[in-house]
Amino acid sequence: MISILRRLTTSLPPLMDPPNSSPRLLALTHQLRLYKPPPLSWDDDDDSEEQRIEETAGKVVSQVGFAESETPIAKDPETFRPKRAAVLICLFEGDGGDLRVVLTKRSSGLSTHSGEVSLPGGKTEEGDKDDGDTATREAKEEIGLDPKLVNVVTVLEPFLSKHLLRVVPVIGILNDKEAFKPAPNPAEVEAVFDAPLEMFIKDENRRAEEREWMGNKFLIHFFDYETNNKKYMIWGLTAGILIRAASIVYKRPPPFVEQNPSHKVHFTPSSY
């Protein structure tokens, strides 16, 4: 059986040094190519049991979302067969040499999750050959990011959204940031901005709330961020994914509790 992660990891192109890559981005590319997400014990090819999914025109925004291994689904996988989606964690090197991630603010005219911050992404569609295809296709549709500019290097463990949408985070490297000219789709995206990735493993401008979901209590993280005189709140599923991504990229866990003790993530050298 093909695991839910192998579809992308086995289809990654041969490792080649991308053009216009800085030494830091080149090293990060090599590091993440070696990363292996924790294995899951079931296959998701059987979609015989339909599940309710996010009613957001296929986009991935959720107030609640957690790493799949930390949820009850991991204990009884045969009970759940979530639909699939992917989001793009697009990283580039800022002018100050820091790693930054591309984010979007959803249009204020949308009927659901209007004005909230999210990563580019959406539901898998027929014709997508893997999660990288899904994430980069959606990023092009939402913010005009040419997939040719993105070097997809790895995927992370799937997250489950509030309505049981299985969201696969895809990490891609944008080596030539000057070639990316954001062109947000006004029907979906109000603004495109970027934030330092490392902020998600710093205990600054952050708070957490406890919420109950599927009979368990989980922590929801909120990060306040200001750039160009505009204030954003990054929280829920998006914040959870970026905490995990930053932990892997920087090879250290956050100084705060990522999840309640019964669902706490365990970091080992092999996780990196």
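Residues numbered from 1 in each chain as written. Predicted model: local features only at pLDDT ≥ 70, side-chain atom pairs only at ≥ 80, totals over all residues. Heavy atoms only, no water.

### Some thoughts on the overall build of the chain
Looking only at helices and strands, one finds four helices and 12 strands in the chain. A buried classification covers 54% of the 272 residues belonging to the chain. Taking the intrachain contacts of the chain between residues at least 6 apart in sequence as the baseline, contacts between residues at least 24 apart amount to 72%. Summed over all atoms, the accessible surface of the chain reaches about 12,400 Å², with 50% contributed by carbon and sulfur. (Helix = DSSP H or I, 4+ residues; strand = E, 2+ residues; numbered from the N terminus. Buried < 20%, exposed > 50% of the residue type's maximum accessible area, 1.4 Å probe, protein only. Contact = heavy atoms within 4.5 Å. Areas by Shrake-Rupley, 256 points an atom, 1.4 Å probe, with all protein chains shown as cover.)

### As for the pattern of salt bridges
Here the structure, examined in full by the defined rule, presents 16 salt bridges. Here Asp 131 makes a salt bridge to Arg 84, at a shortest N to O gap of 2.8 Å. Of this pair, Asp 131 sits in helix H3 (residues 131–143) while Arg 84 sits in strand S2 (residues 83–93), and the two are 47 residues apart along the sequence. Each member of the pair, Asp 131 as well as Arg 84, is classed as buried. (Salt bridge = Lys/Arg side-chain N within 4 Å of Asp/Glu carboxyl O.)

### Thoughts on H3
With 13 residues, H3 extends 18 Å from end C-alpha to end C-alpha; this agrees with the ideal 18 Å at 1.5 Å per step. Across the 13 residues that make up H3, a large majority, 10, are buried. Taken together, the buried positions of H3 are occupied by Asp 131, Gly 132, Thr 134, Ala 135, Thr 136, Arg 137, Glu 138, Ala 139, Glu 142 and Ile 143. Two or three places before Gly 132, at the start of H3, stands the capping residue Asp 130, its side-chain oxygen 3.1 Å from that residue's backbone nitrogen. Following H3 by one or two positions, Gly 144 adopts a phi angle in the positive range, close to 75°. (Expected span 1.5 Å × (residues − 1). Polar contact = N/O pair within 3.5 Å; in protein donor to acceptor, adjacent residues only side chain to side chain.)

### Structural notes on helix H4 (residues 236–249)
Between the first and last C-alpha of H4 there are 20 Å, a value that for 14 residues agrees with the 20 Å anticipated at 1.5 Å per step. Across the 14 residues of H4, 14 count as buried, placing the element largely inside the fold. Immediately downstream of H4, the backbone of Lys 251 shows phi near 60°, a positive value.

### Points about the packing of aromatic side chains
In this structure the tally under the stated criterion is five aromatic pairs. Between Phe 200 and Phe 223, the ring centres sit 5.0 Å apart and the planes meet at 70°, which makes this aromatic pair edge-to-face. Within this pair, whereas Phe 200 is found in the loop between strand S9 (189–196) and strand S10 (206–213), its partner Phe 223 is found in strand S11 (residues 216–227), the two being separated by 23 residues in sequence. Taken individually, Phe 200 and Phe 223 each receive the classification buried, so the pair is uniform in this respect. Among the aromatic residues, those joined into a cluster by ring pairs are Phe 193, Tyr 225 and Tyr 232. The ring of Phe 256 carries the charged tip of Arg 206 above its face, separated from the ring centre by 4.0 Å. (Phe/Tyr/Trp six-rings, centres within 6.5 Å; stacked < 30°, edge-to-face > 60°. Lys NZ or Arg CZ within 6 Å of the ring centre and 35° of its normal.)

### Describing the nonpolar core
Of all hydrophobic cores here, the largest spans 42 residues; its most connected members are Ile 89, Leu 91, Leu 103, Phe 200 and Leu 242. When contributions to this core are tallied by element, the ones reaching two or more residues are helix H2 (23–33), S2, strand S3 (99–106), strand S8 (165–174), S9, S11, strand S12 (230–235) and H4. With nine residues, H4 is the single largest residue contributor to this core. Not counting chain neighbours up to four residues away, the residues in contact with Leu 103 comprise Val 117, Ser 118, Leu 119, Ala 191, Val 192, Phe 193, Ala 195, Ile 234, Thr 238 and Leu 242. (Core = buried A, V, L, I, M, F, W, Y, C linked by side-chain atoms within 4.5 Å.)

### So, the pairing of S12
Looking down a regular strand, the side chains alternate between one sheet face and the other. Sheet topology places S11 next to S12; six bridges connect them, and they run antiparallel. Following the sheet pairing, Thr 227 is matched in S12 by Lys 230. Between S11 and S12, which pair antiparallel in sequence order, lie two residues; one of them, Asn 228, sits at a positive phi of approximately 50°. (Pairing = 2+ DSSP bridges.)

### What to know about the sheet that holds S12
As summarised here, the arrangement of the three strands in space is S10-S11-S12, forming an open sheet in which the pairing is antiparallel. Both outer strands of the open sheet, S10 and S12, are each paired with one neighbouring strand and no more. Across the sheet, the mean angle from the axis of one strand to that of its neighbour is 25°, orientation sign disregarded. Note that S10 and S11 share eight bridges and pair antiparallel. (Axes fitted to C-alpha atoms, helices over the stretch in contact; angles between N-to-C directions.)

Shape descriptors only; they carry no functional weight alone.
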